[in-house]
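Coordinate inspection notes
Read off the chains here:
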Amino acid sequence: MSDRTHAVTVAGGSLHVGEWHPDAEGSPWLLVHGVTASHLAWSWVARETADVRLLAPDLRGRGRSADLSGPFGMAAHADDLAAVLDAAGVERALIVGHSMGAFVSAVFADRHPDRAAAVILVDGGLPLDLPPGMPPVEAVRHVLGPTAARLEMRFPDAAAYRDFWRAHPAFVDREDPLLDDYFAYDLVGSEPELRPATTLATVEADSIDQNTGADIGRALDRMPRPTVLLAAERGLRGEVPPLYPDLARVRGEVPRLADAQRVAGTDHYSIVMSVEGAREVVASARALAAGATGSGGDSSSGPQPTRG
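Rules of the game
- Residues numbered from 1 in each chain as written.
- Predicted model: local features only at pLDDT ≥ 70, side-chain atom pairs only at ≥ 80, totals over all residues.
- Heavy atoms only, no water.
- Helix = DSSP H or I, 4+ residues; strand = E, 2+ residues; numbered from the N terminus.
- Buried < 20%, exposed > 50% of the residue type's maximum accessible area, 1.4 Å probe, protein only.
- Areas by Shrake-Rupley, 256 points an atom, 1.4 Å probe, with all protein chains shown as cover.
- Pairing = 2+ DSSP bridges.
- Right-handed = clockwise from strand over helix to strand, strands pointing away.
- Salt bridge = Lys/Arg side-chain N within 4 Å of Asp/Glu carboxyl O.
- Phe/Tyr/Trp six-rings, centres within 6.5 Å; stacked < 30°, edge-to-face > 60°.
- Lys NZ or Arg CZ within 6 Å of the ring centre and 35° of its normal.
- Core = buried A, V, L, I, M, F, W, Y, C linked by side-chain atoms within 4.5 Å.
- Contact = heavy atoms within 4.5 Å.

Scanning the chain from terminus to terminus reveals 11 helices and 10 strands. Dimensions of the chain, computed from C-alpha atoms along their principal axes, come out at roughly 55 × 45 × 35 Å. Burial analysis of the chain (308 residues in total) assigns 54% to the buried set. About 12200 Å² of surface is accessible on the chain, with carbon and sulfur atoms providing 51% of the total.

Set out below in structure tokens:
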């Protein structure tokens, strides 16, 4: 679990924020989780960064912020992140976002450029290829699959919920106390009617804005801070192709992106929720943070694209 937690006032109520290594010196990192996750998705990164102060909110509608309703959408979440930094007394942070959190991170850097030193987009943040003509609501289920379906399921106890995830291709044969903590934290309600904290309506509202709203397009066009994409080798269910199969195409379509790298041996979850994935994310974050500090945060002088 995180070292301490905070309640941060935002539009409509209070946001739950986890923090690791609060006494660490240097520039903090602000970690932004995915569409149905919580701040505990960053527990593996936290184990690799005892020298870095980490701030990680449960986004509104998720985790212990589940009772905080809309407004949803990338801009609303981005403004919540600014409130988190204000409450923590942090002027500027390295922003690391996973999955939907990567989209939020890109929009945050565009809306609050003075608050972001640099940005790492972890298997998210850039438009996904969807079947032509697919309605946005259907796209949610198309991309998330059983992950979306479980939001309407009920579980008799925490063990049953963990067993549900043990059958998921991304988590088969993975016995890890951090996973147990992560999944138990996700449950709300009372036995035998436990349910995931995030509702399908919340996911749909954010996903529609992510895929059809104008904020992410503007953010990617302007990209005011050095920004790197870390892409998994496999998708949400351990499948090939991954969410971003062609990094050369990504570099061509998003020319302001400083770099796009493949993280070998990872899927959409393990790229942050495993020792190996977390170490790669941390290494990239340290390198980008050092480059941003050395260049004064100018997006034109960050790392240059790798063409491998």
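There's plenty left to go through after this.
The buried count for strand 6 (residues 116-122) comes to 7 of 7 residues, which makes it a mostly enclosed element. As judged from the 6 bridges shared by strand 5 (residues 93-98) and strand 6, these two strands associate in the parallel manner. Paired with L94 across the bridge in strand 6 is A118. Handedness of the β-α-β unit built from strand 5, helix 3 (residues 100-111) and strand 6 comes out right-handed.

Further remarks concern the pattern of salt bridges. When the charged atoms of two side chains with opposite charge come close together, those side chains can pair. This model, assessed by the stated rule, comprises 19 salt bridges. A single network of salt bridges, built from pairs that share partners, joins R4, E19 and R53.

What follows concerns the packing of aromatic side chains. Applying the stated rule across the entire model yields 12 aromatic pairs. Measuring from ring centre to ring centre gives 5.5 Å for W165 and F171, while their planes differ by 85°; the resulting arrangement is edge-to-face. For the pair formed by W165 and F171, the shared burial category is buried. Between F171 and Y269, the aromatic rings sit 5.1 Å apart at their centres with planes inclined by 55°, giving tilted as the arrangement. Note that F171 is positioned in the loop between helix 6 (158-166) and helix 7 (177-185) and Y269 in the loop between strand 10 (259-263) and helix 11 (275-295), a separation of 98 residues in sequence. For the pair formed by F171 and Y269, the shared burial category is buried. Taken together, the ring pairs connect F155, Y161, F164, W165, F171, Y182, F183 and Y269 into an aromatic cluster. The ring of Y185 has R64 lying over it, and the distance from NZ or CZ to the ring centre is 3.9 Å.

Take the nonpolar core next. Membership of the largest hydrophobic core comes to 97 residues, with the highest contact counts inside it found for L126, L229, L257 and M273. Examining the composition of this core, we find that 8 residues originate from one element, helix 3, more than from any other. Beyond its immediate chain neighbours, meaning those up to four positions away, L126 contacts F103, L121, L220, L229, Y244, V250, V254 and L257.

These values are about where atoms sit, not about what they do.
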